[in-house]
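# Fold and contact review
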Amino acid sequence: MSLQMVDLRAQIEATRPEIDAALAAVLDRGAFVRGPFVAAFEEELAAYVTGLGAEHEVHALGVANGTDALQIALMALGVGVGDEVICPAFTFVATAEAAALLGATPVFADIDPDTFNLDPAGVEAAITERTKAVVPVHLFGQCADMTALRTVCDAHGLPLVEDMAQAVGATWSGRPAGTLGALGTLSFYPSKNLGAFGDGGAILTTDAALADRVRQIANHGAAKKYHHTAVGVNSRLDAMQAAILSVHLRHLPVWTDARRAAASLYDEAFAEVDEVVRPVRRDEARHVFHQYTLRVPAGARDAIAADLRARGVPTMIYYPEPLHVMEPYRADVHLPETDRACAEVLSLPMHPHLSPADVTRVADAVRASLASVLPAVAA
Ligand SMILES: Cc1ncc(COP(=O)(O)O)c(C=O)c1O
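Residues numbered from 1 in each chain as written. Predicted model: local features only at pLDDT ≥ 70, side-chain atom pairs only at ≥ 80, totals over all residues. Heavy atoms only, no water.

## Observations regarding the nonpolar core
Phe41, Leu45, Phe188 and Leu194 are the most contacted members of the largest nonpolar core, which has 45 residues in total. Counting residues per element, the ones that place at least two in this core are α2 (35–51), β3 (105–109), α5 (120–126), α6 (146–155), β9 (201–205) and α8 (239–269). Of the residues that make up this core, three or more belong to each of domain 1 (8–109 + 116–246) and domain 2 (252–378). Residues contacting Phe188, with those up to four places away along its chain left out, are Phe41, Leu45, Leu194, Gly195, Ala196, Gly198, Gly200, Gly201, Ala202, Leu237 and Leu245. Formed by 33 residues, the second largest nonpolar core is a distinct cluster that contains Cys87, Leu102, Ala218 and Leu323. (Core = buried A, V, L, I, M, F, W, Y, C linked by side-chain atoms within 4.5 Å. Buried < 20%, exposed > 50% of the residue type's maximum accessible area, 1.4 Å probe, protein only. Helix = DSSP H or I, 4+ residues; strand = E, 2+ residues; numbered from the N terminus. Domains from an automatic or database assignment. Contact = heavy atoms within 4.5 Å.)

Have a look at this one:
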């Protein structure tokens, strides 16, 4: 079998009878928007996250996608025109886009070079009187340093929104992502650790009042049917996706263990390879390895990726360009660790169906590529 970054075919093969039954149940019931399948998935997701060690009851709301989840979370916190929202520039655009859509300005802080996650000292330095919220991204499946971020944010009375699009199942100091700030936002894009077969997203919170608020905002600002007390949006998780997600959620603990096991095998395989930097796991973090991302020498990165492609090993660069240099988000800020990460990162195939033989094949190919590319680049 050819190697894939993400192997949805293998996932479907493993779950096909359950998926077929789940979809048939939706068709038989004829409830396609809201309704019992969405409610059931919301409850199951909340129970799953609670079971990871939440201190308080978790509320979960399904929405249309992870970008909407971020926007609705920020709306629930009152973010609007003229406000500033601090976030990383080393992330998918949606993190900053959600703030910009509300007329707020995304303000970029640099990242911790070990984890690629928002640097709490950088956040503190970026706070102004206009700062309304801070959005750390739990990038690649590892939580940002929520202890330090909470200390900074609590001192300034600022809420944290966890962009946990890549980190369902992750924990920090024994507490699950999505319960470490005011709100957590999830994406169920098919390639995510918990993916739908289309778009989907969710918002998590342990604050019952905020849960009511996000529910209202996501439903056109309706306090009750045809009575709208706030400007909202139309953002719904549909029943087909919810039914699929209920199936996938049952497999998520095993799939997460498989990702973590593959990551450990990669770690072993690269232990003696001085030319690469392996992902750093923080002691407080349970990393769920949405990506397994190496650092390689910047000047050789693209040649290594091309060489690996020729050897049948796909790779991806998450992310080649930081947000603060992109036209809609251009900012006159100095983010050296963000720039360096963009030049050095190389993500390897990572999914729950990766076999130990696949990991060995990828690692052997990486070693061979380094041996063939680095001397040529140095010459
Ligand atoms: C970090 C991050 N934030 C937000 C999103 C947006 O999610 P979606 O594509 O479901 O809108 C993604 C997913 O691509 C992401 O990786």
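Read on, since the account is not over.
## Quick word on the pairing of β9
Successive side chains on a regular strand alternate, one facing one side of the sheet and the next facing the other. Most of β9 is tucked away: five of the five residues are buried. The side-chain alternation of β9 yields two buried faces, one formed by Gly201, Ile203 and Thr205 and the other by Ala202 and Leu204. Inspection of the sheet shows strand β1 (residues 59–63) paired to β9 by five bridges, in the antiparallel sense. Within β9, the position partnered with Leu61 by the bridge is Ile203. In the sheet, strand β8 (residues 183–187) pairs with β9 via four bridges, with the strands oriented antiparallel. Looking at β9, one finds that Ser187 is bridged to Gly201. (Pairing = 2+ DSSP bridges.)

## What about the side chain of His290?
Within the secondary structure, His290 is located in the loop between β12 (285–286) and β13 (292–295). Side-chain polar atoms of His290 contact the side chain of Asn193, separated by 2.9 Å. When residues no more than four places from it in sequence are discounted, the contact partners of His290 are Phe140, Gly141, Gln166, Ser191, Lys192, Asn193, Arg259 and Met350. (Polar contact = N/O pair within 3.5 Å; in protein donor to acceptor, adjacent residues only side chain to side chain.)

## A short note on the site of the ligand
Every one of the 15 residues lining the ligand counts as a neighbour, but Gly66, Thr67, Asp163, Ser187 and Lys192 are closest to it. Measuring from a nitrogen atom of the ligand, one finds a side-chain N or O atom of Asp163 at 2.8 Å. Within the side chain of Ser187, a nitrogen or oxygen atom sits 2.7 Å from an oxygen atom of the ligand. Taking 390 Å² as the accessible area of the ligand by itself, protein coverage stands at 92%. If you map the ligand onto the pockets, it falls in the largest pocket. In terms of residues, the shell around the ligand owes the most to one element, helix α3 (residues 66–76), which gives three residues. (Near = heavy atom within 4 Å. Areas by Shrake-Rupley, 256 points an atom, 1.4 Å probe, with all protein chains shown as cover. 1 Å grid on protein atoms, 1.4 Å probe; cavity = no way out; pocket = protein on both sides within 12 Å on 5 of 7 lines; lining within 4 Å. Sits in = over half its atoms within 2 Å of the grid points.)

## A look at the sheet that holds β9
With mixed pairing, four strands are arranged side by side in an open sheet as β1-β9-β8-β5. Looking along the sheet, the strands with just one partner apiece sit at the ends: β1 and β5 (161–163). On average, each strand axis in the sheet is inclined to that of its neighbour by 20°, with strand direction left out of account. Summarising the sheet, β5 and β8 pair through three bridges and their orientation is parallel. Looking at the pairing, Glu162 lines up with Gly184 of β8. (Axes fitted to C-alpha atoms, helices over the stretch in contact; angles between N-to-C directions.)

## So, the packing of aromatic side chains
All chains considered together, the criterion is met by 10 aromatic pairs. Relative to Phe270, the ring of Tyr266 has its centre 6.1 Å away and its plane inclined at 15°; by these criteria the two rings are stacked. Taking relative accessible area as the criterion, Tyr266 reaches 0% and is therefore assigned buried. Aromatic rings pair up to connect Phe90, Phe116, Phe140, Tyr318 and Tyr319 into one cluster. (Phe/Tyr/Trp six-rings, centres within 6.5 Å; stacked < 30°, edge-to-face > 60°.)

## Focus on the layout of surface pockets
Each pocket or cavity is described by its volume, and for the largest pocket that value is around 510 Å³. Around the largest pocket, the lining is made up of 23 residues, and of these Phe92, Gln166, Ser187, Tyr189 and Lys192 lie nearest the centre. Put simply, the parts of the chain that give the lining of the largest pocket at least two residues each are α3 and α4 (94–101). Broken down by element, the lining of the largest pocket gets its largest block of residues, three residues, from α3. Split by residue class, the lining of the largest pocket holds nine nonpolar, 11 polar and three charged. For the second largest pocket, the calculated volume is near 330 Å³. In this structure, the second largest pocket is lined by 17 residues; those nearest its centre are Arg150, Thr179, Leu180, Gly181 and Ala182. (Points joined across faces, edges and corners; volume = space filled by probe spheres on them. Nonpolar A, V, L, I, M, F, W, Y, C, P; charged D, E, K, R; others polar.)

## Re unusual backbone geometry
Here the residue pair Tyr318 and Tyr319 is connected by a cis peptide bond, since its omega of 10° sits within 30 degrees of zero. The phi dihedral of Phe116 is positive, around 70°, even though this residue is not glycine. Among the residues examined, Phe116 registers a relative accessible area of 6% and is labelled buried. In this structure, His220 is a non-glycine residue whose phi angle is positive, near 60°. Within the secondary structure, His220 is located in the loop between α7 (208–218) and β10 (222–224). On the basis of relative accessible area, His220 is assigned to the partly exposed category, the value being 38%.

## Some details on the pairing of β3
Counting buried positions along β3 gives four out of five residues, so the element sits mostly inside the fold. Here strand β2 (residues 84–88) runs beside β3; their pairing, made up of five bridges, is parallel. Note that in β3 the partner of Cys87 across the bridge is Phe108. Where the polypeptide runs from β2 across α4 and back to β3, its parallel neighbour, the crossover connection is right-handed. (Right-handed = clockwise from strand over helix to strand, strands pointing away.)

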